[in-house]
Each structure stands twice: as structure tokens, then as C-alpha cells.
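# Structure at a glance
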Amino acid sequence: MENMQLIKGIAEKLNNQFVGEGISEKELNLDIVKLVESLGGTVYEVGYIKMNGNSMVVNSDDNSFKIYVSASDGKRRQKFTIAHEIGHYFIHYLRNISKNPQTTYRRTSVAVGGYQEYEANVFAANLLMPENKFKKIYKNCGQDLAIVAEKFGVSIAAAEVRARSLGLIGNV
């Protein structure tokens, strides 16, 4: 649990530094590609990627990185994928840089990845939908997940998972 709080803190701090701490439209819908570029990375959209083949490769010489996303995924799905890969960059690469960290992150099947994948998903959710901002918008929008998703620029499914993880809606 302590690690999850650290992951949450890193992601939310990055969000606040990049877009601000308020809840205006400008401070909600994070431009994920600009964030990647500001961190020294590049996003590439590729035609066909096998199931779960989205990936990131880090150049350990200068810590730059390349994120590859499937062109067949919708823009909101790509946004979450990119945030997920940024999670790997911060929590699995930068935090382990002195220990010869892994430089390629690729999930090639549902069974591969385990806890690292879960941590990267937690990071992505907190980066794109920080808890305090999410709770305020969820309340202000009358708990309408479609509106919440639109404001954060994420899929309705991502907004629903976030609402569930914050205890705002119960499991069905």
C-alpha cells in the first residue's frame, strides 16, 4: 500500500506541475503528447500491434524514450496507454536507474506483466484523473460518467474504473 501512495503522489504531482491544480477545462484534460515531449520522449502511432503490444523503449544514454501505440485504438484509449507507459518510465525506470533498469516495456499477453502492469495502470489513472480533481468533477457533473470522461479526455470505461476505485460507485 505504501508503494501505491508513492505512485499516486508522483503521478498527481506531475499532473499538477504540467496543468495546474485547479479544475478549469485547461487543468483537467491533460495533453499527454505534450507531456511526453516535455519529458524528452516521442509518441509513435503504428499501424498494427499484436494484442497488448503497445510499448516503450528508453535510451539509457540520455533517458529519452519512445512510446508506441496502436493506430487502431481510439484517441482516448491511446491517451491511457501513453500515461501507462509514462508510469513505467517514472516508477520502473527512473526509480531504478542506478540498478541497471529494464529499458524495454512491452506486454505481449494478458498473463505477462503482473504487478508492474498494475502499478503502471494506477499511475496512469492518477496522472490523468487525480483523486481530488476527479471527485470534484464527478460531483459537479451530477455523477454522469460520460461528462466526467469528456472533461478528462478519457474513455467512459476509464472514468468508471476510476470512480469505482475511489469508492464513488459500487461494484455490480
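Above: the structure in question.
Residues numbered from 1 in each chain as written. Predicted model: local features only at pLDDT ≥ 70, side-chain atom pairs only at ≥ 80, totals over all residues. Heavy atoms only, no water.

## Comments concerning the layout of surface pockets
A probe as big as a water molecule, rolled over the atoms, marks out the empty space that is left. Using the following cut-off: Throughout, the protein atoms alone are placed on a 1 Å grid, and a set of points is a cavity if a 1.4 Å probe fits but cannot get out or a pocket if it is open with protein on both sides within 12 Å along at least five of seven lines; lining residues have an atom within 4 Å of a point. Grid points are joined across faces, edges and corners, and a volume is the space filled by probe spheres set on the points. The nonpolar class holds Ala, Val, Leu, Ile, Met, Phe, Trp, Tyr, Cys and Pro. Asp, Glu, Lys and Arg form the charged class, and all remaining residues, Gly among them, are polar.
One number sums up the size of the largest pocket: a volume of about 570 Å³. Lining the largest pocket are 21 residues; nearest its centre among them are Asn 121, Val 122, Ala 125, Arg 162 and Ser 165. Looking at the lining of the largest pocket, its residues break down into 11 nonpolar, five polar and five charged.

## What to know about the packing of aromatic side chains
For clarity, the threshold we go by: Here a Phe, Tyr or Trp ring, Trp counted by its six-membered ring, pairs with any other such ring whose centre lies within 6.5 Å, and the pair is stacked when the planes are under 30 degrees apart, edge-to-face when over 60, and tilted otherwise. Secondary structure elements are defined from DSSP: runs of H or I of at least 4 residues count as helices, runs of E of at least 2 residues count as strands, and each element is numbered from the N terminus. Accessibility here uses a 1.4 Å probe with only protein chains present; expressed as a share of the type maximum, an area under 20% marks a residue as buried, one over 50% as exposed, and anything in between as partly exposed.
For the coordinates displayed, the defined rule picks out eight aromatic pairs. Ring geometry for Phe 65 and Tyr 89: centres 4.3 Å apart, planes at 35°, overall tilted. Taken together, the residues Phe 65 in strand 3 (residues 64-70) and Tyr 89 in helix 3 (residues 75-93) connect sequence positions 24 residues apart. Taking the relative accessible area as the measure of exposure, Tyr 89 reaches 5% and is therefore buried.

## A word on the pairing of strand 2 (residues 55-59)
Walk down a regular strand and you will see the side chains alternate between the two sheet faces. Our working definition: Strands pair, by our definition, only if DSSP identifies at least two bridges between them.
Sheet topology places strand 2 next to strand 3; five bridges connect them, and they run antiparallel. Bridge pairing in strand 3 links Val 58 to Phe 65.

## Looking at helix 3
Spelled out, the test is: Each residue after the first adds 1.5 Å to the expected span of a helix.
With 19 residues, helix 3 ought to run about 27 Å at 1.5 Å a step, and its terminal C-alpha atoms sit 25 Å apart, in line with that. Burial analysis of helix 3 places 16 of its 19 residues in the buried class, the great majority of the element.

## Topic: the nonpolar core
Proteins that are soluble and globular tend to have nonpolar side chains buried together. Put simply, the rule reads: Each nonpolar core is a collection of buried residues, namely Ala, Val, Leu, Ile, Met, Phe, Trp, Tyr and Cys, held together in the definition by side-chain atoms within 4.5 Å. It only takes one pair of heavy atoms within 4.5 Å for two residues to be counted as in contact.
Core analysis: the biggest nonpolar cluster contains 43 residues, and Ile 32, Ile 86, Phe 123, Leu 127 and Phe 134 have the highest contact counts within it. At eight residues, the largest contribution of residues to this core is made by helix 3. If near-sequence neighbours (up to four positions away) are discounted, Ile 32 is found in contact with Lys 79, Ile 82, Ala 83, Ile 86, Leu 127 and Leu 128.

## A closer look at the side chain of Asn 126
What counts, and what does not: Under this definition, polar contacts are N or O atom pairs within 3.5 Å; protein pairs additionally need one hydrogen-donor-capable and one acceptor-capable atom, and for neighbouring residues in sequence, both atoms have to be side-chain atoms.
Mapping Asn 126 onto the fold places it in helix 4 (residues 114-128). Within the structure, Asn 126 has its side chain in polar contact with the backbone oxygen of Val 122 (distance 2.9 Å). Excluding residues within four positions of it along the chain, Asn 126 makes contact with Lys 8, Ala 11, Glu 12 and Arg 162.

## Observations regarding the pattern of salt bridges
Keep this limit in mind: Put simply, a salt bridge is a Lys or Arg side-chain nitrogen that is within 4 Å of an Asp or Glu carboxyl oxygen.
Going through the model one piece at a time under the given rule, you end up with five salt bridges. Linking Glu 131 and Lys 8 is a salt bridge whose minimum nitrogen-to-oxygen distance equals 2.4 Å. One end of the pair, Glu 131, is in helix 5 (residues 131-140); the other, Lys 8, is in helix 1 (residues 2-19), with 123 residues separating them in the sequence. In this structure Glu 131 comes out as buried when scored by relative accessible area, which is 18%. Taking the shortest distance from any N to any O, the salt bridge between Glu 131 and Lys 135 comes out at 2.9 Å. Of this pair, Glu 131 and Lys 135 both sit in helix 5, separated by four residues, roughly a single helical turn. Residue Lys 135 is classed as partly exposed on the basis of its relative accessible area of 33%.

## Thoughts on the environment of Gly 153
With respect to the helices and strands, the residue Gly 153 is situated in the loop between helix 6 (145-152) and helix 7 (156-165). The exposure class of Gly 153 is buried, given its relative accessible area of 9%. Once the C-alpha coordinates of Gly 153 and Arg 77 are considered, the two residues, 76 residues apart in sequence, prove to be 9.7 Å apart. Once you skip the residues sitting within four places of it in the chain, Gly 153 turns out to touch Asn 29, Arg 76 and Lys 79.

## Concerning the packing of helix 5 against helix 7
Describing two packed helices takes the angle between their axes plus the distance from one axis to the other. Convention followed: All axes are obtained by fitting lines to C-alpha atoms, using only the stretch in contact for helices, and the reported angles, taken between N-to-C directions, cover 0 to 180 degrees. Here roughly perpendicular refers to angles of 65 to 115 degrees, roughly parallel to angles under 35, roughly antiparallel to angles over 145, and oblique to all remaining angles.
Helix 7 packs onto helix 5 with a crossing angle of 105° between their chain directions and a minimal axis gap of 11 Å. Between helix 5 and helix 7, the crossing angle belongs to the class labelled roughly perpendicular. Of helix 7, the residues touching helix 5 (which contributes Glu 131, Phe 134 and Tyr 138) are Ala 159, Arg 162 and Ala 163. In the contact of helix 5 with helix 7, the residues fall into four nonpolar, no polar and two charged.

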